[in-house]
Amino acid sequence: MLKIRRFLQYRICSFCKQEFLSYSVERVNNKEYICCQCKRANGYSMRNTNSKGKQSTISFSFEFETSSSSRELYELLKYKFLGCHDASIEGLEWKSPIFYSRKSFHCICRKIEKFARFVGNSCGTHLHVGTPYKNILEQYKYEIFSPILEEMKNNERKTKKFWGRYFNHYCNYEIENGRYNAFNTRSSVETLEFRLLKFKSAEQYIKASDFCIDITKLINISIAREELNHEKALNLGKIIADKYKEVIQNV
């Protein structure tokens, strides 16, 4: 083996750390290589169970959709992202770890900013924020989300700048019974999904995501404090819309 190695070049996969003949790996960047096994995409429904930060009362994760199959994107594996097939986009949907800390979330957003150019026209960057109250949110989604949606719909310029894009078929401003609402209460996990978000830059995505995390925390606390009814849900919706108007004042 030692004699053969003098004639054949070997490389180490940067992700599984196994050694391969050089023709069995691809270059990711100037320093890193990936093997065929690590490069293989997962199924659409595969969940990322990796986590970052000490477990707390709120959790969040995001789907970094891409319109490219560039080898550079496999660097995301270093940050515990999971590459998955998605028929609605040209590249892979990279599912982030579950974050319990904004500090670690902000850090990752800044590290992956260089990949924002791969988030094409058909892509979104959906954020999931944990809530144990999905059924209640589904019941009162009109009261809670109609006021903020009116603000977003009536100011297209600020909506695009803050959220990264405007409404479309996959993130409606109309509150419907499917899952393609801008504020989706029917995600497959115990989360409120913010579907309008799109990663344009780290600064933009962090600011919008922090707002989403804050209003989900507000919703969770409000429902935990006292049972929601029509009037209380209307008031909660007004508070959320008012907070949104404050956040976008200087956008």
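Up top is the structure.
So, how was this worked out
In every chain, residue numbers begin from 1 and rise along the written sequence. pLDDT decides what is reported in this predicted model: residues at 70 or higher carry local features, side-chain atom pairs at 80 or more are listed and counted, and totals for whole chains, interfaces and linings draw on all residues regardless. Derived side-chain values reflect all non-hydrogen atoms in the structure, with water molecules and hydrogen atoms excluded from consideration. Whenever a helix is involved, its axis is fitted only over the stretch in contact; in every case the axis is a line through C-alpha atoms, and angles between N-to-C directions fall within 0 to 180 degrees. The numbering of helices and of strands both runs from the N terminus, where a helix is a DSSP run of H or I of at least 4 residues and a strand a run of E of at least 2. Convention used here: angles under 35 degrees read as roughly parallel, angles over 145 as roughly antiparallel, angles from 65 to 115 as roughly perpendicular, and any remaining angle as oblique. By convention the crossing between two helices is left-handed if the near helix lies anticlockwise of the far one by an angle smaller than a right angle, and right-handed if it lies clockwise. Should any heavy atoms of two residues lie within 4.5 Å, those residues are considered in contact. Residue polarity follows a fixed list, in which Ala, Val, Leu, Ile, Met, Phe, Trp, Tyr, Cys and Pro are nonpolar, Asp, Glu, Lys and Arg are charged, and the others, Gly among them, are polar. Only centres within 6.5 Å qualify two rings of Phe, Tyr or Trp (six-membered ring in Trp) as a pair; their planes then separate them into stacked at under 30 degrees, edge-to-face at over 60, and tilted for everything else. We call a charge positioned over a ring when the NZ of a Lys or the CZ of an Arg lies within 6 Å of the ring centre and within 35 degrees of the ring normal. Salt-bridge detection follows one rule: a side-chain nitrogen of Lys or Arg within 4 Å of a carboxyl oxygen of Asp or Glu. Burial status follows relative accessibility: with a 1.4 Å probe on protein chains alone, a residue under 20% of its type maximum counts as buried, one over 50% as exposed, and anything between as partly exposed.

Asks: How do you make sense of the packing of helix H5 (residues 141-154) against helix H8 (residues 230-247) when you look at a structure like this?
Replies: Packed helix pairs are characterised by how far apart their axes lie and by the angle those axes make with each other. Relative to each other, H5 and H8 sit at 30 degrees, their axes nearing to 6 Å. Classified by the angle their axes make, H5 and H8 are roughly parallel. Between H5 and H8 the crossing geometry is right-handed. For the pair H5 and H8, contact is made by Glu143, Ile144, Pro147, Ile148, Glu151 and Met152 and by His230, Ala233, Leu234, Leu236, Gly237, Lys238, Ile240, Ala241, Tyr244 and Lys245, respectively. Along the lines of polarity and charge, the residues of the contact of H5 with H8 split into 10 nonpolar, two polar and four charged.

Asks: For this particular structure, what's the right way to read the packing of aromatic side chains?
Replies: How two aromatic rings sit relative to each other is set out by the distance from centre to centre and by the angle between their planes. Taken as a whole and assessed by the stated rule, the structure comprises 24 aromatic pairs. Judged by centre distance (5.4 Å) and plane angle (80 degrees), the ring pair of Phe162 and Trp163 falls under edge-to-face. Ring geometry for Phe211 versus Tyr244: centroids 5.7 Å apart, planes at 50 degrees, classification tilted. With Phe211 in helix H7 (residues 202-225) and Tyr244 in helix H8, this residue pair connects regions lying 33 residues apart in the sequence. Seen from the ring of Tyr44, Lys95 lies directly overhead, with NZ or CZ sitting 5.8 Å from the centre.

Asks: I keep staring at the environment of Met152 and nothing clicks. Help me out?
Replies: Along the chain, Met152 falls in helix H5. Measuring from C-alpha to C-alpha, the distance between Met152 and Gln18 comes to 49 Å, with 134 residues separating the pair along the chain. Apart from the residues within four sequence positions on either side, Met152 is in contact with Thr159, Trp163, Tyr166, Phe167, Phe183, Leu196 and Tyr244.

Asks: Explanation requested: the pattern of salt bridges in the structure shown.
Replies: Any two side chains of opposite charge can pair if their charged atoms end up close together. The tally for this structure, following the rule as stated, stands at 17 salt bridges. Among the salt bridges present, the one from Lys39 reaches Glu26, with a minimum N-O distance of 2.4 Å. Of the two residues, Lys39 is situated in helix H2 (residues 36-39) and Glu26 in strand E3 (residues 25-27); the sequence distance between them amounts to 13 residues. Judged by relative accessible area, which is 27%, Lys39 ranks as partly exposed.

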